[in-house]
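A closer look at the structure
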Amino acid sequence: NEESARARVAQICESLPPGTFIVEYCVLEDRTYVWILSHDRFEHLTLDQVGREKTNRWSTELQEAARHRDANGAERVLIAAYAELAAKPLRVIATMTGGVKPARLVFIPDAGIHGLPLIALRDPQTRDYLIQRVPIEIAGSAALYDYSIRRNLGLAPARNPSILILGDPAFDERLPLAQGMKRLDYARNEAERIGDVYAPSSEILIGADATAPALLQRASKHAIVHVAGHAIVNAQTPSRSFLLLAPAAGYSGALDSEELLKRLKLDQTRLFVLSTCSSAGGLPVGPEGVAPFVRPLLAAGVPAVIGSLWDVDDATT
């Protein structure tokens, strides 16, 4: 009922750190509703003529532009989406803060907005990308973000965080899922260079050592987990989305999101990085709007996940 909903909103607002603003979208056929929450304020507004068809079109056009390396086409979408999705909420936030820059924006997408890189929306006047102005996070819902904050606060601080890195897994190229896929030389370099940053608190598993059992058994011992390899998102059956890892006894190397959900425990892990194709993409799943690989990681206990919306090139990544 309305009273319980107001109480829940008040609870979420109270849990937000000062300076953090949640911007939650609800996309309808002909308009989009936006709720803005901060530690001590709550505002709402309507974006007229920004409906489901338009947000879906932006997402499709941007992915096409990325696929064809059409920088001008991508920029047109990023500017249009900024003007219609972000400009008005940002003006409201500026009013709420008296012009003081917020410490963090947390976007909660809906419908086609899930397919937009909100951090890269571009102001046509200043030419700034949104991420250049303020740190940005994406959440499935306000309730999920509230959970992540509480989860992060409950973890013991790590002065020298340890990291588990799986890079360029030696997957079985005979697997039907792996047809046409090649090893990722740059993922190997990525793993080694990140390992150097965290040395001596880094555990690096490359090639044949980057197996599913290694990930499932060792991830919980580290504050950060970084996987650089291939991922296959199944939008029709999200539970059958796979990470391609090296084979091991009893494992083909194809680790699906359902097994991640059942077996992965991340009691001490603060951040999980999925440096793979479409690891935060595919269709959102369930009422929280969380992607197939992100959901099991949050369920395992990690407060934050970094992933990619689309297929990405090895060298670029």
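You'll find the structure just up there.
These numbers were taken from a predicted model, which means no experiment stands behind them. Counting from 1, residues in each chain are numbered in the order their sequence is written. Predicted model: local features are reported for residues with pLDDT of at least 70 only, side-chain atom pairs are reported and counted for 80 or more only, and whole-chain, interface and lining totals are derived from all residues. Heavy atoms from the whole structure form the basis of all side-chain values; hydrogens and water molecules are not counted.

**Quick notes on a nonpolar patch on the surface**
There is a patch of nonpolar side chains on the surface, built from Ile119, Tyr129 and Ile131 and spanning about 230 Å² of accessible area. Helix and strand definitions follow DSSP, with helices as H or I runs of at least four residues and strands as E runs of at least two, each counted in order from the N terminus. Relative to the assigned elements, Tyr129 resides in the loop between β4 (104-108) and β5 (136-138). The residues that make up patches have over 30% relative accessible area and no salt bridge, and they are joined within 9 Å when like-charged or within 5 Å when they are Val, Leu, Ile, Met, Phe, Trp or Tyr. Using a 1.4 Å probe, accessible areas were evaluated by the Shrake-Rupley method; residue-level cover was limited to the displayed protein chains. Each reported salt bridge corresponds to a side-chain nitrogen of Lys or Arg within 4 Å of a carboxyl oxygen of Asp or Glu.

**Section: the pattern of salt bridges**
Scanning all chains against the criterion turns up 20 salt bridges. The partner of Glu75 in a salt bridge is Arg127, with the nearest N and O atoms 2.1 Å apart. With Glu75 in helix α3 (residues 71-97) and Arg127 in the loop between β4 and β5, this pair connects stretches of sequence that are 52 residues apart. When salt bridges that share partners are traced, they join Arg8, Asp146 and Arg150 into one network.

**Description of the sheet that holds strand β8 (residues 224-228)**
Here 5 strands make up an open sheet; going across it, the order is β7-β6-β8-β12-β13 and the pairing parallel. Looking at which strands have only one partner, the edges of the open sheet turn out to be β7 (202-207) and β13 (304-306). When strand polarity is set aside, the average angle formed by the axes of neighbouring strands in this sheet is 10°. A pair of strands counts as paired when DSSP detects no fewer than two bridges linking them. In this sheet, strand β12 (residues 271-275) lies alongside β8 in parallel orientation, the contact comprising 5 bridges. For Val227, the partnering residue across the bridge sits in β12 and is Leu274. Axis lines are fitted through C-alpha atoms, for helices just across the contact stretch, and the angle between N-to-C directions can take any value from 0 to 180 degrees.

**Considerations on the pairing of strand β2 (residues 31-37)**
Where strand β1 (residues 20-27) and β2 come together, 6 bridges link them in antiparallel fashion. Bridging from a neighbouring strand, Tyr25 pairs with Val34 of β2. From the end of β1 to the start of β2, which pair antiparallel, there are 3 residues. When β2 meets strand β3 (residues 42-48), the two strands line up antiparallel, connected through 7 bridges. Directly across from Thr32, in β3, lies its bridge partner Leu47. A loop of 4 residues connects β2 with β3, the two strands running antiparallel in sequence.

**A word on the packing of aromatic side chains**
Aromatic contacts are taken between Phe, Tyr and Trp rings whose centres are within 6.5 Å, Trp giving its six-membered ring; a plane angle under 30 degrees counts as stacked, one over 60 as edge-to-face, and the others as tilted. Per the stated rule, a full pass over the model turns up 2 aromatic pairs. Ring centres of Tyr25 and Phe107 lie 6.2 Å apart, and the angle between their planes is 15°; on these two criteria the pair is classed as stacked. Of this pair, Tyr25 sits in strand β1 while Phe107 sits in strand β4, and the two are 82 residues apart along the sequence. Ring plane angle 55° and centroid distance 6.4 Å describe the contact between Tyr33 and Trp35, whose orientation is recorded as tilted. Working definition: with a 1.4 Å probe on protein chains only, accessible area under 20% of the residue-type maximum means buried, over 50% means exposed, and in between means partly exposed. Accessibility expressed as a relative area gives 28% for Tyr33, which makes it partly exposed.

**Some thoughts on the packing of helix α2 (residues 52-67) against α3**
Viewed as axis vectors pointing N to C, α2 and α3 meet at an angle of 155°, and their least axial separation amounts to 8 Å. The orientation of α2 relative to α3 falls into the category roughly antiparallel. Read as a crossing pair, α2 and α3 show a hand that is left-handed. Contacts between α2 and α3 involve Lys54, Trp58, Glu61, Leu62 and Ala65 on the former and, on the latter, Gly73, Ala74, Val77, Leu78, Ala80, Ala81, Glu84 and Leu85. Counted by class, the contact of α2 with α3 contains 9 nonpolar, 1 polar and 3 charged residues. Note on angle classes: values under 35 degrees are labelled roughly parallel, values over 145 roughly antiparallel, values of 65 to 115 roughly perpendicular, and the remainder oblique. Crossing handedness: left-handed means the near helix sits turned counterclockwise from the far one by under a right angle, and right-handed means the same turn made clockwise. Only heavy atoms matter for contacts: two residues are in contact if any of them lie within 4.5 Å across the pair. Residues are grouped as follows: Ala, Val, Leu, Ile, Met, Phe, Trp, Tyr, Cys and Pro are nonpolar; Asp, Glu, Lys and Arg are charged; all remaining types, including Gly, are polar.

**Section: the environment of Leu266**
With respect to the secondary-structure elements, Leu266 resides in the loop between α7 (257-263) and β12. In the structure, Leu266 is positioned 46 residues away from Val312 in sequence and 26 Å away in space, judged by C-alpha atoms. Aside from chain neighbours lying at most four places away, what touches Leu266 is Arg151, Ala219, Ser220, Phe272, Leu297, Ala300, Gly301 and Val302.

**What to know about the side chain of Arg122**
Topologically, Arg122 is positioned in the loop between β4 and β5. The class of Arg122 is buried, set by a relative accessible area of 14%. The definition of a polar contact used here is a pair of N or O atoms within 3.5 Å, where within protein one atom must be able to donate a hydrogen and the other to accept one, and adjacent residues in sequence count solely through side-chain atom pairs. A polar contact of 3.0 Å, which involves the side chain of Arg122, links it to the side chain of Glu75. Here the side chain of Arg122 touches Arg127 through a polar contact of 2.9 Å, landing on its backbone oxygen.

**Some thoughts on α3**
Here the bend at a residue means the angle between the axes of two seven-residue stretches, the one that ends at it and the one that starts at it. The principal kink in α3, of about 45°, is found at Ala86, preceding the proline Pro89 by one to four residues. Phi turns positive one or two residues past the end of α3, at Gly98, with a value near 70°.

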